[in-house]
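Single-letter residue listing:
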Amino acid sequence: MSAAVQAVQSRAQILTGQFAEIYGSEPDGVWRAPGRVNLIGEHTDYNNGFVLPFAIDRSALAAVRLRPPGRDPEVPDGVVRLASRYAPKGHGLSREEFSIHGLTPGSTEGWAAYPAGVVYALEAAGFPVPAFDLLLDSTVPVGAGLSSSHAVEVAVIVALNDLLGLELEHADMARLTQYAENRYVGAPTGIMDQSASLMGREGSALFLDCRSLAAETVPLPLAEHGLAVLVMDTRVAHSHSDGGYSARRASCEHGAAVLGADSLRDVPADADLSGLDAETRRRVRHVLGENRRVGQTAAELQAGRMDTLGQLLTASHASLRDDFEVSCAELDLAVEAALTAGALGARMTGGGFGGSAIALIRCADEEQVRTAVLAAFQGRGFREPVLFTVLPAAGAGRV
Ligand code: GLA
């Protein structure tokens, strides 16, 4: 058994014990869902385009026990009880509850909105959800742009899928958690993050067509090539419920409409963009170029070539910074400092406006890149970034 699998099992064991202390008996099981790093393909998912993320070796765990009516006379029927050991703000255990039948968008806030959103989405799709008790834990840093919230949603939906025997496919669960995020939590995000968490494979990235959700596993043998992916969490808070993300989405939709296409996916890479206003043209140019880079990266990896990967990542960053304008000073600095210190490529990952950047580095250069990035941040008076390497891990499932 690998060290990573062992670590998850021991976390699950601790969680099971704590669940019994809180709720009086053991859970029906524990489910795991990873966070993600997007290798390349940013702001392409909601344009029906292509992405190449991987699930990471940091995950949310959900211990769940169904509570059929009458099982616990102390608790009213239809009430979901929630507890979290990773309560994003503050320490210790955070507890919440909600009534399944009283759910309306936004009726539950904070971390509890993610499980509530999943229940809301399942009910809306015609799957009645009975009451249950839940205890959450997570090693995905919150606010780092590594999809900590999607990891929680996915852990909850895979648990309910198993316990209720719903037999939902990965693509169904991805769409349902996207619905939870869009309609209940109120963040107009695409489908990449959930899909990566559900469909990831150890040692691989996921080449995903966001229109059909057809997924292809692409080998990402970092260690075999003496390479690592270093995450540089700038600790600049970002939120996709804020205006920037939806404004970009609206620009892309506007661009597609002016070009007479249903989505930017249907606009050819060499389309004439001269009829667009300057800002929309930059946004569209990013999406067309980024889809092309995703295809190139996937093809290189399929052919077992890693040497052009770095250039593609860095080109993606330049496009996100200059054309899509979703980077920020801290992300640009992390990328620059890593490249100057010898990284083979670097880019912001995720929605942007904060969160994390990644650098593709030689394992042998790790110390020198870390030192250079920390020094660069100190020199500019920014908050100290958090640096750690990640590995491509398996997608969600029962522990
Ligand atoms: C966030 C969203 C994703 C995707 C990325 C940008 O992570 O949740 O759906 O749009 O931003 O690529």
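Conventions we followed
Residues numbered from 1 in each chain as written. Predicted model: local features only at pLDDT ≥ 70, side-chain atom pairs only at ≥ 80, totals over all residues. Heavy atoms only, no water. Near = heavy atom within 4 Å. Polar contact = N/O pair within 3.5 Å; in protein donor to acceptor, adjacent residues only side chain to side chain. Nonpolar A, V, L, I, M, F, W, Y, C, P; charged D, E, K, R; others polar. Domains from an automatic or database assignment. Buried < 20%, exposed > 50% of the residue type's maximum accessible area, 1.4 Å probe, protein only. Helix = DSSP H or I, 4+ residues; strand = E, 2+ residues; numbered from the N terminus. Pairing = 2+ DSSP bridges. Axes fitted to C-alpha atoms, helices over the stretch in contact; angles between N-to-C directions. Contact = heavy atoms within 4.5 Å. Salt bridge = Lys/Arg side-chain N within 4 Å of Asp/Glu carboxyl O.

Caption draft 1: The arrangement of the site of the ligand in detail. Residues in contact with the ligand amount to 14 residues; listed here are only the nearest, Glu42, His43, Asp45, Asp193 and Tyr245. Within the side chain of Arg36, a nitrogen or oxygen atom sits 3.0 Å from an oxygen atom of the ligand. In the environment of the ligand, an oxygen atom lies 2.7 Å from a nitrogen or oxygen atom belonging to the backbone of His43. When the residues that make up the shell around the ligand are grouped by side-chain class, the tally is 3 nonpolar, 7 polar and 4 charged. Of the domains in this structure, domain 1 (3–217 + 394–398) and domain 2 (220–390) are the two that each give at least three residues to the shell around the ligand.

Caption draft 2: Local environment of helix α5 (residues 192–199). Taken across its 8 residues, α5 has 8 buried, putting it largely inside the fold. When α5 is considered as a whole, its buried residues turn out to be Met192, Asp193, Gln194, Ser195, Ala196, Ser197, Leu198 and Met199.

Caption draft 3: Up close: the sheet that holds strand β8 (residues 227–233). Strand order in the open sheet made by the 4 strands is β9-β10-β8-β11, with antiparallel pairing throughout. Looking at strand neighbours, the two that pair on one side only are β9 (345–348) and β11 (386–390), the edges of this open sheet. Strand-to-strand twist across the sheet, computed as the mean angle between neighbouring axes with direction ignored, equals 25°. Summarising the sheet, β9 and strand β10 (residues 356–362) pair through 4 bridges and their orientation is antiparallel. Within the sheet, the bridge partner assigned to Gly345 lies in β10 and is Leu360. Contacting β9 and β10, helix α8 (residues 309–322) runs over the sheet at an angle of about 35° to β9. Across the sheet, helix α10 (residues 366–380) lies against β8, β10 and β11, angled at about 150° from β11, the strand it touches most.

Caption draft 4: Inspection of unusual backbone geometry at higher detail. Here Leu213, not a glycine, exhibits a phi torsion of approximately 65°, which is positive. Within the secondary structure, Leu213 sits in the loop between β6 (204–209) and β7 (215–219).

Caption draft 5: The environment of Leu339, seen in detail. Considering the arrangement of structural elements, one finds Leu339 in helix α9 (residues 329–340). The contact partners of Leu339, leaving out residues within four places of it in the chain, are Thr314, Leu344, Gly345 and Ala346.

Caption draft 6: Spatial organisation of the domain arrangement of the protein. Split into domains, the protein comes out as domain 1 (3–217 + 394–398) and domain 2 (220–390). Measuring from the centre of the C-alpha atoms in domain 1 to the corresponding centre in domain 2 gives 26 Å. Here domain 1 and domain 2 share 3 salt bridges between them. A salt bridge links Asp209 to Arg265, with the nearest nitrogen and oxygen atoms 2.8 Å apart. Counting every contact that joins domain 1 to domain 2 gives 20 residue pairs in polar contact (both at pLDDT 80 or more).

Caption draft 7: Local environment of the environment of Pro115. Tracing the chain through its elements places Pro115 in helix α2 (residues 113–124). Using a relative accessible area of 0% as the deciding quantity, one classes Pro115 as buried. With 121 residues separating them along the chain, Pro115 and Val236 place their C-alpha atoms 25 Å apart. Beyond its immediate chain neighbours, meaning those up to four positions away, Pro115 contacts Leu82, Phe98, Leu134, Leu136, Val152 and Val156.

Caption draft 8: Inspection of the environment of Val294 at higher detail. The residue Val294 is located in helix α7 (residues 278–302) in this model. Look at Val294 and you get buried, because its relative accessible area is 0%. On a C-alpha basis, the gap between Val294 and Thr389 in space is 22 Å, while along the polypeptide they are 95 residues apart. Apart from residues lying up to four places away in sequence, Val294 is in contact with Ile40, Gly41, Phe50, Val51, Leu52 and Phe207.

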